Amino acid sequence: MNGEIAVATVVGEFDIGNCDEMSRQIQASCADALAIVLDLSETQYLDSAALRTLFTIARMFQGRGAPVVAVIPATGLVRKVTVVSGIDAVMPVAETRDEGLRLAGGPVA
């Protein structure tokens, strides 16, 4: 956790095979956070199950007053998929972790 903002980084593939476990890990590690940054900058692939997981996590934390910000670099497959899904209507999207932390209300390095 970075101060009172939790940063959850998803590395590699995020798909139906691991989205339930990923959701459990994010919920457990971010349970007491005042805000959450979901860093997808090291994610190479995500499918519709992963998108559904991201939407669910965002609604859950936002429902208890914890803002959620996604970090998704401007280029690449993950950005294309998330833009088409409309994820930016559910949570702010930043291009870097520092920008994500700023949008979540925290200090940046």
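Above this text is the structure in question.
Residues numbered from 1 in each chain as written. Predicted model: local features only at pLDDT ≥ 70, side-chain atom pairs only at ≥ 80, totals over all residues. Heavy atoms only, no water.

Draft legend 1. Region of the structure containing the sheet that holds strand β6 (residues 93–94). Taken together, four strands build an open sheet; the order of strands is β1-β3-β5-β6 and the sheet is parallel. Two strands bound the open sheet, and with one partner strand each, they are β1 (5–9) and β6. Relative to strand β3 (residues 35–39), β1 is paired through five bridges, and the arrangement is parallel. When the bridges of β3 are listed, Thr-9 appears paired with Asp-39. Docked against the sheet, helix α2 (residues 48–63) engages β3 and β5 (68–71), running at close to 150 degrees with respect to β5. (Pairing = 2+ DSSP bridges. Helix = DSSP H or I, 4+ residues; strand = E, 2+ residues; numbered from the N terminus. Contact = heavy atoms within 4.5 Å. Axes fitted to C-alpha atoms, helices over the stretch in contact; angles between N-to-C directions.)

Draft legend 2. A look at the pairing of β5. A two-sided burial pattern is seen for β5, the buried positions comprising Val-68 and Ala-70 on one face and Val-69 and Val-71 on the other. Of the strand pairs in this sheet, β3 and β5 are connected by four bridges, and their pairing is parallel. Following the sheet pairing, Val-37 is matched in β5 by Val-69. Bridging between β5 and β6 involves two bridges; their strand directions are parallel. Pairing of Val-71 across the sheet is with Ala-94, part of β6. Each parallel crossover has a hand, and for β5 linked through helix α3 (residues 77–85) to β6 it is right-handed. (Buried < 20%, exposed > 50% of the residue type's maximum accessible area, 1.4 Å probe, protein only. Right-handed = clockwise from strand over helix to strand, strands pointing away.)

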